Amino acid sequence: MRRAVADLGANDKDRNFVTALARGLDILRCFGPSDEYLGNAELAKRTSIPRPTVSRMTATLTQLGYLRYVPQLEKYRLGPGVLDLGYRYLASEGVRDLARPYMQELADSTDCMVAIGAPDGAQVTYIQVCQGNGPLVLRLDIGSRVPMATSALGRAFLAATPEVEREMYYEQIRQQDPAAWPALERSLQSAYEEYEQYGFCTSDGEWNRDVSGVAVPLILDGGAQVVPFNCGGSSLRLSRRTLLENLGPRLKDVVGQVAQMVQGRA
């Protein structure tokens, strides 16, 4: 049984300590590989938090995307918000630094932008960016966001993400634009077929008619972690043939080098 909040002791006397936040985090910690689905009663028992308080917290965590309610079971499971935080942490802890020299070399040699992304609900946020020097280089900075379903970066992330987790992102995409979902779902299936064939995903003027790109997922821990890389720029100079025959294979080489570096550190 988990009693992290109940046993905080001296922390309760710290004026800077926020008990409500600690309790919310304690609820999230209850979930694990053998406890994928938990109800309010189970959570209250494990945390020693009163059940009415647990009910309010799970409702709040669900609205924020950190939990997902499953009506058929009347229980909760971890939501995409928690996964997003995990991916951001992984990408920021070492992968960005290891990858940067290889990314910059590719950016310089192709006059493209090379970036790493982290999932952010129905979008992907850039957490590392290397720019080429050409006049038609795509100028996006760290913190910029692109749509998950129509960008190469988002498609590569979804293509390498296990189906159970993938559905959580589908839900976020559907909520953002229900009417567009059928067409988006078809485009994603095409992207998955492309990934199976080439090992990367493309987006040719789809999320922005002036932008084309290719993306490759860095897959770690046997698929438990996915960090997508992309290389892109102006659609005026990046034809589909260029994406498939040039940028795609070169980006795969970069991601392969980064994967070897990460494994060497493990």
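This is a predicted model, so every value here is computed, not measured.

Caption draft 1: Expanded view of empty space enclosed by the protein. This model, assessed by the stated rule, comprises one cavity of 30 Å³ or more. Approximately 70 Å³ is the volume found for the largest cavity. When residues of the lining of the largest cavity are traced back to their parent elements, those giving at least two are helix 5 (152-160), strand 7 (211-220) and strand 8 (225-234). The element best represented in the lining of the largest cavity is strand 7, accounting for three residues. In terms of residue class, the lining of the largest cavity is made up of six nonpolar, six polar and no charged.

Caption draft 2: Fine view of the confidence of the model for the protein. When the pLDDT values of the protein are averaged, the result is 87; 89% of them are 70 or greater. With pLDDT under 50 throughout, residues 1-10 is counted as low confidence; its partners more than four residues away or in other chains account for 18 contacts.

Caption draft 3: Main features of a nonpolar patch on the surface. Judged by side-chain polarity, Val18, Leu21 and Leu25 come together as a nonpolar surface patch covering roughly 260 Å² of accessible area. With respect to the secondary-structure elements, Leu21 resides in helix 1 (residues 19-29).

Caption draft 4: Highlighting the packing of helix 5 against helix 6 (residues 163-176). Relative to each other, helix 5 and helix 6 sit at 140°, their axes nearing to 9 Å. The segment helix 5 lies against helix 6, with Phe157, Leu158 and Ala159 engaging Arg166, Tyr169, Tyr170 and Ile173. Split by residue class, the contact of helix 5 with helix 6 holds six nonpolar, no polar and one charged.

Caption draft 5: Representation of the side chain of Ser151 within the structure. Residue placement: Ser151 occurs in the loop between strand 5 (145-147) and helix 5. Within the local environment of Ser151, its side chain forms a polar contact with the backbone oxygen of Pro147, the two atoms lying 2.6 Å apart. Apart from residues lying up to four places away in sequence, Ser151 is in contact with Val146, Ser203 and Trp207.

Caption draft 6: Inspection of the packing of helix 1 against helix 3 (residues 51-63) at higher detail. At a minimum axis separation of 10 Å, helix 1 and helix 3 run at an interaxial angle of 80°. By the angle class used here, helix 1 and helix 3 are roughly perpendicular. Contacts from Ala20, Arg23, Gly24, Ile27 and Leu28 of helix 1 reach helix 3 at Thr53, Val54, Met57, Thr58 and Leu61. Class assignment of the residues belonging to the contact of helix 1 with helix 3 gives a composition of six nonpolar, three polar and one charged.

Caption draft 7: How the structure looks around the nonpolar core. In terms of nonpolar packing, the biggest core is built from 30 residues, with Val95, Ile116, Leu218, Phe229, Cys231, Leu251 and Val258 touching the most fellow members. Contributions of two or more residues to this core are made by helix 4 (80-110), strand 3 (113-120), strand 4 (123-131), strand 7, strand 8 and helix 8 (240-265). Ranked by the residues each element gives to this core, the list is headed by helix 8, at nine residues. With residues near it in sequence (within four places) discarded, Leu251 still touches Leu106, Val114, Val214, Ala215, Val216, Phe229, Asn230 and Cys231. The next biggest cluster of nonpolar side chains, apart from the first, holds 29 residues, and it includes Val124, Tyr126, Ala160 and Leu188.

Caption draft 8: Representation of the packing of aromatic side chains. If you walk through the whole model with that rule in mind, you get four aromatic pairs. Geometrically, the ring pair formed by Tyr170 and Trp181 is tilted, given 5.1 Å between the ring centres and 55° between the ring planes. Of this pair, Tyr170 sits in helix 6 while Trp181 sits in helix 7 (residues 181-198), and the two are eleven residues apart along the sequence. For Tyr170, a relative accessible area of 8% corresponds to the buried category. Taking the ring centre of Tyr192 as reference, the NZ or CZ of Arg166 above it sits at 4.3 Å. Here Arg174 stacks its cationic end above the ring of Trp181, 5.3 Å away from the centre of that ring.

Rules behind the numbers
- Residues numbered from 1 in each chain as written.
- Predicted model: local features only at pLDDT ≥ 70, side-chain atom pairs only at ≥ 80, totals over all residues.
- Heavy atoms only, no water.
- 1 Å grid on protein atoms, 1.4 Å probe; cavity = no way out; pocket = protein on both sides within 12 Å on 5 of 7 lines; lining within 4 Å.
- Points joined across faces, edges and corners; volume = space filled by probe spheres on them.
- Helix = DSSP H or I, 4+ residues; strand = E, 2+ residues; numbered from the N terminus.
- Nonpolar A, V, L, I, M, F, W, Y, C, P; charged D, E, K, R; others polar.
- pLDDT = per-residue confidence, 0-100.
- Contact = heavy atoms within 4.5 Å.
- Patch = residues over 30% accessible without salt bridge, like charges linked within 9 Å, V, L, I, M, F, W, Y side chains within 5 Å.
- Areas by Shrake-Rupley, 256 points an atom, 1.4 Å probe, with all protein chains shown as cover.
- Salt bridge = Lys/Arg side-chain N within 4 Å of Asp/Glu carboxyl O.
- Axes fitted to C-alpha atoms, helices over the stretch in contact; angles between N-to-C directions.
- Polar contact = N/O pair within 3.5 Å; in protein donor to acceptor, adjacent residues only side chain to side chain.
- Parallel < 35°, antiparallel > 145°, perpendicular 65-115°, else oblique.
- Core = buried A, V, L, I, M, F, W, Y, C linked by side-chain atoms within 4.5 Å.
- Buried < 20%, exposed > 50% of the residue type's maximum accessible area, 1.4 Å probe, protein only.
- Phe/Tyr/Trp six-rings, centres within 6.5 Å; stacked < 30°, edge-to-face > 60°.
- Lys NZ or Arg CZ within 6 Å of the ring centre and 35° of its normal.

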